[in-house]
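If you want the building blocks of each chain, they are given just below.
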Amino acid sequence: MTEAPKPVLTGGCQCGAVRYALSKAPNRVNICHCRMCQKATGAPFASYADIEHENFAWTRGKPASFKSSSIAERDFCAACGTPLSFRNVSGPRIEILTGTFDRPDRVIPTRQFGAESHLGWVVGIANLPSVTTMQNYGPEKMATIVSHQHPDHD
């Protein structure tokens, strides 16, 4: 009997109701600036890791989906609303939003799409002043915050 291969990458939604695993590294990782991706994620752009369906599995729960166009469906957690993926309805691959990976630092974008909707201010993000969450809230406030977010592991 052959054991299932150890997942290469795992992730899931904010509440933990939906989890997934990749058995192979993504084919490519992209950023998309198109208006549909902006609306679907509530962000200035989306970042996706592209993987064949055969190398991807939902390991806990099943996401809800929304057919955002005649060619695309977008999966999300029905419990917490976390956007999870983009799928071409007739394609062999699924594209997972990189922020939902347990280790998003391991999925690095290499190209961009949807340049027609690129927001001009995005290029300056790295130059904005920044502080840590602790610096922003302070230790007293941080001590009172109770997270209901699923940890970045099972």
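Preceding this paragraph is the structure being described.
None of the values given here were measured: they were computed from a predicted structure.

(A) The arrangement of the environment of V89 in detail. Take V89: it is sitting in the loop between strand 8 (83–88) and strand 9 (93–97). Sequence spacing of V89 and A72 is 17 residues, and the spatial spacing of their C-alpha atoms is 5.4 Å. Those residues in contact with V89 that lie beyond four places of it in its chain are K67, S70, I71, A72 and E73.

(B) Structural view of the layout of surface pockets. As a volume, the largest pocket reaches approximately 230 Å³. Elements represented by at least two residues in the lining of the largest pocket include exactly strand 3 (28–32), strand 4 (46–52), strand 8 and strand 9. For the lining of the largest pocket, the per-class residue count stands at seven nonpolar, three polar and five charged.

(C) Representation of the sheet that holds strand 9 in the model. A sheet is described by the order of its strands in space; here seven strands give the open sequence 6-7-8-9-4-3-10, paired in mixed fashion. This sheet does not close on itself; its edge strands, each paired only once, are strand 6 (64–67) and strand 10 (111–113). For this sheet the average axis-to-axis angle between neighbouring strands, irrespective of direction, equals 30°. Both strand 8 and strand 9 contribute to a ladder of three bridges, which runs antiparallel. Among the inter-strand pairings, S85 is bridged to a residue of strand 9, identified as I96.

(D) Focus on the pattern of salt bridges. One pass over the structure, following the stated rule, counts nine salt bridges. Residues R19 and D102 are paired through a salt bridge, measuring 2.7 Å at the closest nitrogen-oxygen approach. Residue R19 is located in strand 2 (residues 19–22), and its partner D102 is located in the loop between strand 9 and strand 10; the two are separated by 83 residues in the primary sequence. Both residues of the pair, R19 and D102, belong to the buried class. In this structure, R60 and D154 form a salt bridge, with 3.0 Å as the shortest nitrogen-oxygen distance. Residue R60 is found in strand 5 (residues 56–60), and its partner D154 is found in the segment after helix 3 (139–144); the two are separated by 94 residues along the sequence. When salt bridges that share partners are traced, they join R19, R60, D102 and D154 into one network.

The rules behind each value
Residues numbered from 1 in each chain as written. Predicted model: local features only at pLDDT ≥ 70, side-chain atom pairs only at ≥ 80, totals over all residues. Heavy atoms only, no water. Helix = DSSP H or I, 4+ residues; strand = E, 2+ residues; numbered from the N terminus. Contact = heavy atoms within 4.5 Å. 1 Å grid on protein atoms, 1.4 Å probe; cavity = no way out; pocket = protein on both sides within 12 Å on 5 of 7 lines; lining within 4 Å. Points joined across faces, edges and corners; volume = space filled by probe spheres on them. Nonpolar A, V, L, I, M, F, W, Y, C, P; charged D, E, K, R; others polar. Pairing = 2+ DSSP bridges. Axes fitted to C-alpha atoms, helices over the stretch in contact; angles between N-to-C directions. Salt bridge = Lys/Arg side-chain N within 4 Å of Asp/Glu carboxyl O. Buried < 20%, exposed > 50% of the residue type's maximum accessible area, 1.4 Å probe, protein only.

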